[in-house]
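Here is what each chain is made of, one letter per residue.
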Amino acid sequence: MDTTPTDSLAPPAPAGKTVTRAGDRVFLGLSRGSGILLLVIMAAIAVFLTVRTISAVSQDHGNFLTTFEWNADNTPPVFGIAVLAYGTVVSSVIAMVIALPVSIGIALFISHYAPRRVASPLAYVVDLLAAVPSIVYGLWGALYLVPHMQGLTAWLDQYLGWTVVFKQSAPGTAARSLFTVGILLAIMIIPIITNVSREVFRQVPRAHEEAALALGATRWEVVRMSVLPFARSGIVSASMLGLGRALGETMAVATVLSSSPVLTAHILDPAGGTFAQNIASHFGEATDFGRDALIASGLVLFVITLLVNGAARMIIARRKEYSGAAA
Amino acid sequence: MAKRIDVSGLSAYYGNHLAIEDISMTVEPRSVTAFIGPSGCGKSTFLRTLNRMHEVTPGGRVEGKVMLDEENLYGAGVDPVAVRRTVGMVFQRPNPFPTMSIYDNVAAGLRLNGTAKRKKDLDTIVERSLVGANLWNEVKDRLNKPGAGLSGGQQQRLCIARAIAVEPDVLLMDEPCSALDPISTLAIEDLIGELKERFTIVIVTHNMQQAARVSDRTAFFNLAGVGQPGRLIELDETQRIFSNPSAQATEDYISGRFG
């Protein structure tokens, strides 16, 4: 046997010099290289977006933040993100309000309630839902969901119209509204939130659940005392993944929403727009300047996503000393 | 409180696998009964049938009768959740609720029961339980700190405090010291000696010296071979089991000839 310095049987290297193996060096180089590459790509994207944004916004004859309409290719160009930011946030909030409880319910059912022969197929079906392309959801939304929303929107208008939010300006119009978009987005993000939550619920240590069971907890009390607190940060992460998709969803929104530069509290009205939808609708016929303007709106969406993620991290960090990982 | 357990003809299964077969025994109130035996002999499984925890394992089922004074725990219409509220359990690894403070850990069972809703009553019971678990002096200044921040031995006493806070009739302990250092073990053993004044205590242990130290009566379990069901070999005064057992297998086991 040869005794190269990398041989594990070799005597210890002289003091001050640690033994490194070729494999370790290669792996170190690879992982460090990927880390650096990621940072470079991020920086390049940021520089690209910022440069284009500055050049577009500086020539905007409206106020970029408060203008409703998007006429970047007019002379002079007048465009703003007010409607887009509002529509993006509102449709995503609607989607989250619907999707989060449903997803946690499905995930709990799969992980803790359903017998195994039901749970596995159900989990598989949920996985399949996540694989459906968004344009298919969009077509389904436009051709099926929109006409079938009439009854619900009329009902909401009649009984909850006094809340202003559910008031329809023109009853009977097609439901190509932010509300319908929110529901469609909810259906699209349910599989994501469900899958991630389910995995987290499965990882709850048996000992935590038995602690609750042995105290005389019912199944729901076990979920409340042991499962949900342990899974808390995982649920937040799952929600962020879902919210990320909802915020950035393009084709499904563009297919369903009847967009218009109107900012209204009536979420049942066919009006408004979202960042991604606006980009998709205008990109094709936009001039170079128009594209820069669209990129500017994309940067705002990016910032919003960043803020949401930061907020989520703060929620997780706030109760770190109580996190289940400490046990 | 402190009720007698009377088991007759009890068998427990995991799916089709018979884990323990035809066990009958009586556990006296206000005493400590220790279960000893080689790994896989079903002593932990048997312990878990005494508060109907066995059946939460997928495929777990039980045949036979467990009388707690006059009530059959496996009788028709008996709610296993209610059983577990009267038969407390302490586990091998300390398992305080990681997201709860020390106070909330002790109060957890009380809140489930819906008894002692008022803050003042709750404070009283939490203090009494922590005092009862010999933990009060160590944690009284940090009741709002997470229970998971305590040392292993303290966590286990916290779990005991949590179990006795609901004033159970019986306290089951599944190798409560096996994850602890000798000093923490001693603290728990002293505690067991105090708790038997108030509760019926059943303890599973791999440590025969521990069984000899803490228990009044000892049950020896054994199995004929791998895959065979575990059986109760004998149950007698601890002193007798360790000096002059009636079964040869018991003698072989306690003298270290196998297991």
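Treat the numbers as computed from the prediction; the structure is a model and nothing was measured. (Residues numbered from 1 in each chain as written. Chains lettered and ligands numbered in written order. Predicted model: local features only at pLDDT ≥ 70, side-chain atom pairs only at ≥ 80, totals over all residues. Heavy atoms only, no water.)

### Focus on the pairing of strand S6 (residues 87-90) of chain B
All names here are of chain B. Of the two faces of S6, the one holding Val87 and Met89 and the one holding Gly88 and Val90 are both buried throughout. As judged from the four bridges shared by S6 and strand S7 (residues 170-174), these two strands associate in the parallel manner. Across the sheet, residue Gly88 finds its bridge partner in S7, namely Leu171. (Buried < 20%, exposed > 50% of the residue type's maximum accessible area, 1.4 Å probe, protein only. Helix = DSSP H or I, 4+ residues; strand = E, 2+ residues; numbered from the N terminus. Pairing = 2+ DSSP bridges.)

### Comments concerning the interface of chain B and chain A
Think of interface size as the accessible area that goes away when the parts come together; that is how it is often given. On the side of chain A, 24 residues touch chain B, which itself brings 24 residues to the contact. Connecting chain B to chain A are two salt bridges. Where Arg48 of chain B meets Glu210 of chain A, a salt bridge forms, and the shortest distance between an N and an O atom there is 2.7 Å. Remark: the boundary between chain B and chain A carries four residue pairs in polar contact (both at pLDDT 80 or more). The set of elements that each furnish at least two residues to the side of chain B that touches chain A consists of helix H2 (80-86), S6 and helix H3 (102-113) of chain B. (Contact = heavy atoms within 4.5 Å. Salt bridge = Lys/Arg side-chain N within 4 Å of Asp/Glu carboxyl O. Polar contact = N/O pair within 3.5 Å; in protein donor to acceptor, adjacent residues only side chain to side chain.)

### Describing the packing of helix H2 (residues 82-113) of chain A against helix H6 (residues 178-202) of chain A
All names here are of chain A. Where H2 meets H6, the closest approach of the two axes is 5 Å, and the angle between their N-to-C directions is 35 degrees. Viewed along their axes, H2 and H6 form a crossing whose handedness is right-handed. Among the residues forming the contact of H2 with H6, the class breakdown is 24 nonpolar, eight polar and two charged. (Axes fitted to C-alpha atoms, helices over the stretch in contact; angles between N-to-C directions. Left-handed = near helix turned anticlockwise from the far one by under 90°. Nonpolar A, V, L, I, M, F, W, Y, C, P; charged D, E, K, R; others polar.)

### Concerning the packing of helix H8 (residues 219-248) of chain A against helix H11 (residues 288-318) of chain A
Residues and elements named next belong to chain A. The N-to-C vectors of H8 and H11 enclose an angle of 170 degrees; their axes lie 10 Å apart at closest approach. Considered as vectors, H8 and H11 are oriented roughly antiparallel to each other. The segment H8 lies against H11, with Arg232, Ser233, Val236, Ser237, Met240, Leu243, Leu247 and Gly248 engaging Leu301, Thr305, Val308, Asn309, Ala312, Ile315, Ile316 and Arg318. (Parallel < 35°, antiparallel > 145°, perpendicular 65-115°, else oblique.)

### Some words on the UniProt feature "domain: ABC transmembrane type-1" (unreviewed entry) in chain A
Annotation from UniProt places "domain: ABC transmembrane type-1" (unreviewed entry) at residues 85-312 of chain A. End C-alpha atoms of residues 85-312 of chain A are separated by 19 Å, and the span's content is 77% helix alongside 0% strand. (UniProt positions renumbered as here; feature names shortened; annotations may be inferred.)

### Here we look at the side chain of Glu209 of chain A
Residue and element names in this part refer to chain A. Mapped onto the secondary structure, Glu209 falls in helix H7 (residues 206-214). Judged by its relative accessible area of 8%, Glu209 is buried. Here Glu209 is in contact with His112, Val204, Val222, Ser226 and Val227, once residues within four sequence places are set aside.

### What to know about the UniProt feature "transmembrane region" (unreviewed entry) in chain A
All names here are of chain A. Look at the UniProt record and you will see "transmembrane region" (unreviewed entry) annotated at residues 35-58, 78-110, 122-146, 177-196 and 293-312. Helix makes up 88% of residues 78-110 and strand 6%. Its end C-alpha atoms lie 51 Å apart. Split by type, residues 293-312 is 100% helix and 0% strand. Its first and last C-alpha atoms lie 29 Å apart.

### Notes on helix H7 (residues 182-195) of chain B
Structural remark: α-helix, 3.6 residues per turn; residues separated by three or four positions point the same way. Residues and elements named next belong to chain B. Compared with the 20 Å implied by 1.5 Å per residue over 14 residues, the 20 Å span of H7 between its first and last C-alpha is a close match. Buried residues of H7: Ser184, Thr185, Ile188, Glu189, Leu191, Ile192 and Leu195, and no others. Along the axis of H7, the buried positions cluster into a sector of 160 degrees, meaning they face one direction only. For H7, the exposed residues lying more than 90 degrees away from the buried face are Pro182 and Ile183. Against strand S3 (32-36), helix H4 (119-132), helix H6 (152-165), S7, strand S8 (200-204) and helix H8 (208-214) lie the buried residues of H7. (Expected span 1.5 Å × (residues − 1). Arc of directions from axis to C-beta.)

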